[in-house]
Each structure stands twice: as structure tokens, then as C-alpha cells.
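Chain by chain, the residues run as shown.
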Amino acid sequence: GMWAQLGNIVRSTVDAMAPVLENTSFDPEFWSGSEDTAALVRQKYGQCFHILGLDVLWDAEGAPWLLELNSAPSLDLSEVVPWTDTQQESQQQQQQQQQQQ
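These numbers come from a predicted model, not from an experiment.

Quick notes on the rules
Residues numbered from 1 in each chain as written. Predicted model: local features only at pLDDT ≥ 70, side-chain atom pairs only at ≥ 80, totals over all residues. Heavy atoms only, no water. Phe/Tyr/Trp six-rings, centres within 6.5 Å; stacked < 30°, edge-to-face > 60°. Helix = DSSP H or I, 4+ residues; strand = E, 2+ residues; numbered from the N terminus. Buried < 20%, exposed > 50% of the residue type's maximum accessible area, 1.4 Å probe, protein only. Patch = residues over 30% accessible without salt bridge, like charges linked within 9 Å, V, L, I, M, F, W, Y side chains within 5 Å. Areas by Shrake-Rupley, 256 points an atom, 1.4 Å probe, with all protein chains shown as cover. Salt bridge = Lys/Arg side-chain N within 4 Å of Asp/Glu carboxyl O. Lys, Arg positive; Asp, Glu negative; His and termini not counted. Charge placed at Lys NZ, Arg CZ, Asp CG, Glu CD. Pairing = 2+ DSSP bridges. Contact = heavy atoms within 4.5 Å. Polar contact = N/O pair within 3.5 Å; in protein donor to acceptor, adjacent residues only side chain to side chain.

Here the focus is the packing of aromatic side chains. Throughout the structure, instances matching the rule amount to two aromatic pairs. Where phenylalanine 26 meets tyrosine 45, the ring centres are 5.0 Å apart and the plane angle is 75°; that geometry is what we call edge-to-face. Of this pair, phenylalanine 26 sits in helix α1 (residues 2-26) while tyrosine 45 is found in the loop between α2 (35-44) and β1 (53-58), placing the two residues 19 residues apart along the sequence. According to the relative accessible area criterion, phenylalanine 26 is partly exposed, its value standing at 23%. When the ring of phenylalanine 30 is compared with that of tryptophan 31, the centres are 4.9 Å apart and the planes differ by 90°; the resulting orientation is edge-to-face.

Structure, rendered in C-alpha cells:
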């Protein structure tokens, strides 16, 4: 189903990122040469998280396509378009199309 497909995209993306993320995170040079910080990161790595934003497009056949990965997605609720606005816009577009026919 749709959710399984989306889950596969997320898993594949995170799996592809993991080795690079680990190598970078465990490198003391990333932490301004601090061996102590790198050791702490290695110790606590499994307890860390990062919020990612995946933009996915569904094609006409229902297949998902990853458009982009955002490392700092906006969580600002003012960017969410209310469902009623979306419905009204869709109805207006349908009416315009009918008038053109």
C-alpha cells in the first residue's frame, strides 16, 4: 500500500545516509579536534535523533518519487494550507474548466 511504499523510501534514504553521518559524527575533526566530544557522540549515538523532511510526489500510477530531503524542515503551522482553502480552490478550478467547455 501507499504507507508501505512511503516507508520503503524513508528507510532507503536513511540507510543511504547512515554511513556518511556516522563517519562525520565520529570524527574528532568535525568537533574542532575534540576527542572527548567524538567519544561521547559514539557512546550516545543511538539516543540521538534529527528531524528530516521528505518531499514525495505520487505519479499517475501511484508510485512515490522522492523529490528532496530537507535537513531542517519548517514546522511552522502558518505554512499549512487549511483543507477548506484547498477544497474551495479545487471547486473554483472545476467551475472555471466547466465554463471554458
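On the surface, a cluster of negative charge is contributed by Asp27, Glu29, Glu35 and Asp36. Checked against the element boundaries, glutamate 29 lands in the loop between α1 and α2. What makes glutamate 29 exposed here is its relative accessible area of 62%.

Attention shifts here to unusual backbone geometry. Backbone geometry at serine 32 places phi at a positive 55°, although glycine is not the residue there. Looking at the element boundaries, serine 32 is found in the loop between α1 and α2. Note on serine 32: relative accessible area 75%, which makes it exposed.

Turning to a nonpolar patch on the surface, a few remarks are in order. Taken together, the side chains of Met2, Trp3 and Trp58 present a nonpolar region at the surface, about 370 Å² in accessible area. With respect to the helices, strands and loops of the structure, tryptophan 3 is situated in helix α1.

Right, let's talk about the environment of valine 14 for a bit. Turning to its location among the elements, valine 14 is positioned in helix α1. Counting along the chain gives 38 residues from valine 14 to leucine 52, while the straight-line C-alpha distance between them is 9.6 Å.

For a regular strand, side-chain orientation follows a simple rule: the groups alternate between the two sheet faces. As judged from the six bridges shared by β1 and strand β2 (residues 64-70), these two strands associate in the antiparallel manner. Bridge pairing in β2 links valine 56 to leucine 66. Between the antiparallel neighbours β1 and β2 lie five residues, among them glycine 62 with a positive phi of about 85°.

The next point concerns the side chain of threonine 13. Relative to the helices and strands, threonine 13 is located in helix α1. Residue classification places threonine 13 among the buried residues on the basis of a relative accessible area of 14%. Residues in contact with threonine 13, not counting those within four places in the same chain, are Leu54, Leu66 and Leu69.

Positionally, serine 25 belongs in helix α1. For serine 25, a relative accessible area of 10% translates into the label buried. At a separation of 2.8 Å, a polar atom in the side chain of serine 25 contacts the main-chain carbonyl oxygen of leucine 21. The residues contacting serine 25, other than those within four sequence positions of it, are Trp31, Val41 and Tyr45.

The values reported here are purely geometric and, on their own, carry no functional implication.
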